[in-house]
Amino acid sequence: MSSALTDLCRYPIVQAPMAGGASCPQLVAAVSEAGGLGFLAAGYKTADGMYNEIKQLRGLTAQPFGVNLFMPQPGLADPSAVEVYRHQLAGEAAWYETPLGDTDVDGDDGYDAKLAILLDDPVPAVSFTFGCPTRDTLDAFAGVGTYTVVTVTTPEEAQTAQWAGADSVCVQGIEAGGHQSTHRDDPQADGSGIGLLSLVSQVRETVQIPIVATGGLMRGAQIAAVLAAGADAAQLGTAFLACPESGASVLHKQALTNPLFVRTALTRAFSGRPARGLVNRFMREHGPYAPAAYPQVHHLTAGLRRAAAKAGDAQGMALWAGQGHRMARELPAARLVGLLAQELDAACTAVSTGSTK
């Protein structure tokens, strides 16, 4: 790992920020205490909500951690397309006996207020999703000693992040669970993402800053593979989703290895932006018709998803998961970090000694 990353974690293992409640302070603290780097997800939270979670986390660990921010989104959604989708979801609203959400919302996710808090009371690391901050913003974080990471999905986005002054890039392959962190949401590009190993190699030849690789990673041997491809660390989300400390619902955790859910797919059905999840009824019925309208569709379906969870109906939930979900292990987060580190060490030893076991 680069020296800056080494200062943040003992092992090259990063716990992905999973918005929606999974990346709670308890999970982040457990990962950081075990030698990984845990990340809080500030997406969908108010600035005050983010700050309260940071305070809670600081009461649980003195180890370094990070906070992830969603970049403000341009208002490009077609209101008429959103209304058509609203009508299509009327049957869901009736079934779950809950109203559809208000789509007249800002797309900035409280970005400026969150920046102000994180610059006034700095945390060790901050990462960004759905775009690249300005050089002024990244310079401001550098000035307060915060390590910055920009999530990218192409070599071009990685180059933009380097030019803007990011300390590192989180390279996200198409295998990743949850939202694809493309900097520009182009419906014509849906499904055209690059696999992680190929993407890491391409980005390594494009930029000189450290790389954190993410997308479908579930085992230490896979971490070894991305390190060999040129990454400095690996970020895992779905692997930590099943941990008891995770804030994900029990239904979501169980679905990861439930034989009813045999595959994942990218969909706009729940949020209006491409995101990978377990294929269920809601995704099959509504995914083909969901407009490119983020965060409007996210707010439109939020009540439905909560109602489905309350009713114990996994077929109506957004079950975000990477392609390796069937390899999930229901282990305490600290034990999982330790096991991943052991597997990584074993894989590296096997390669260096030429072992085929």
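Please read all numbers here as calculations on a predicted model, not as lab measurements. The written sequence of each chain sets the order in which its residues are numbered from 1. Where local features are concerned, this predicted model is filtered to residues with pLDDT of at least 70; where side-chain atom pairs are given and counted, the filter is 80 or more; whole-chain, interface and lining totals use all residues. Side-chain metrics in this entry use all non-hydrogen atoms of the structure; hydrogen atoms and water are not considered.

Draft legend 1. Broad picture of the overall build of the protein chain. Each helix and strand in the protein chain was counted, giving 15 helices and eleven strands. Note that the radius of gyration is over C-alpha atoms, with the globule rule given as 2.2 Å times the number of residues to the power 0.38. The C-alpha radius of gyration of the protein chain comes to 19 Å, within 12% of the 21 Å expected for a compact globule of 357 residues. Taken along the three principal axes of its C-alpha coordinates, the protein chain extends 60 × 50 × 40 Å. The 357 residues of the protein chain split such that 56% are buried. A fraction of 68% describes how many contacts in the protein chain between residues 6 or more apart in sequence connect residues 24 or more apart. Carbon together with sulfur atoms contributes 53% to the accessible area of the protein chain, which is approximately 14,800 Å² in total. Averaged over its 24 positive side-chain charges, the protein chain has a centre that lies 8 Å from the centre of its 33 negative ones. A run of H or I in DSSP counts as a helix once it spans at least four residues, and a run of E counts as a strand once it spans at least two, with each numbered from the N terminus. Each residue gets one of three labels from its accessible area relative to the maximum for its type: buried under 20%, exposed over 50%, partly exposed in between, using a 1.4 Å probe on protein chains only. Contact between two residues is taken to exist if any of their heavy atoms lie within 4.5 Å; hydrogens are not considered. Using the Shrake-Rupley algorithm and a 1.4 Å probe, accessible areas are obtained, with residue cover drawn only from the displayed protein chains. Just so you know, the count uses Lys and Arg for positive and Asp and Glu for negative, and it drops His and the chain ends. Every charge is mapped to an atom, namely NZ of Lys, CZ of Arg, CG of Asp or CD of Glu.

Draft legend 2. Layout of the nonpolar core. Among the nonpolar cores identified, the biggest contains 100 residues, and Val-67, Leu-69, Phe-128 and Phe-240 are the most heavily contacted of them. When residues of this core are assigned to their parent elements, the largest contribution, seven residues, is made by helix H15 (residues 333-353). Beyond its immediate chain neighbours, meaning those up to four positions away, Val-67 contacts Phe-39, Leu-40, Ala-42, Met-50, Ile-54, Leu-118, Val-123, Ala-125, Val-126 and Ser-127. Note on terminology: a nonpolar core comprises buried Ala, Val, Leu, Ile, Met, Phe, Trp, Tyr and Cys residues joined through side-chain atoms within 4.5 Å. Of all hydrophobic cores here, the second largest spans twelve residues; its members include Leu-5, Leu-37, Val-212 and Ala-233.

Draft legend 3. Quick look at helix H6 (residues 111-120). Residues Tyr-111, Lys-114, Leu-115, Ile-117 and Leu-118 constitute the buried set of H6. Taken down its axis, H6 places every buried residue within 165° of arc, on the same side. Residues of H6 that are exposed and point more than 90 degrees away from the buried face comprise Asp-112 and Asp-120. Among the structural elements, helix H3 (47-60), strand S3 (65-70), strand S4 (125-129) and helix H7 (135-143) are those in contact with the buried residues of H6. Arc definition: directions from the helix axis to the C-beta atoms.

Draft legend 4. Spotlight on the pairing of S4. Among the five residues in S4, five count as buried, and that is most of the element. Burial along S4 is two-sided: Ala-125, Ser-127 and Thr-129 facing one way and Val-126 and Phe-128 facing the other are all buried. Here, any two strands with at least 2 DSSP bridges between them count as paired. Across five bridges, the pairing between S3 and S4 is parallel. Looking at S4, one finds that Val-67 is bridged to Val-126. Handedness is read with the strands pointing away from the viewer; a crossover is right-handed when the path from the first strand over the helix to the second is clockwise. With H7 bridging S4 and its parallel neighbour strand S5 (residues 147-152), the resulting β-α-β unit is right-handed.

Draft legend 5. Molecular detail of the packing of H3 against H6. Lines fitted to C-alpha atoms define the axes, with helix axes restricted to the stretch in contact, and inter-axis angles between N-to-C directions lie between 0 and 180 degrees. In contact at an axis separation of 9 Å, H3 and H6 are set at 30° when each is read in the N-to-C sense. Our classification of the angle between H3 and H6 gives roughly parallel. Crossing angle aside, the handedness with which H3 passes H6 is right-handed. For the pair H3 and H6, the contacting residues are Ala-47, Met-50, Tyr-51 and Ile-54 in the first and Ala-113, Lys-114, Ile-117 and Leu-118 in the second. Orientation categories follow fixed angle ranges, with anything under 35 degrees roughly parallel, anything over 145 roughly antiparallel, 65 to 115 roughly perpendicular, and all other angles oblique. The hand of a helix crossing depends on one turn: near helix anticlockwise from the far one by less than a right angle means left-handed, and clockwise means right-handed.

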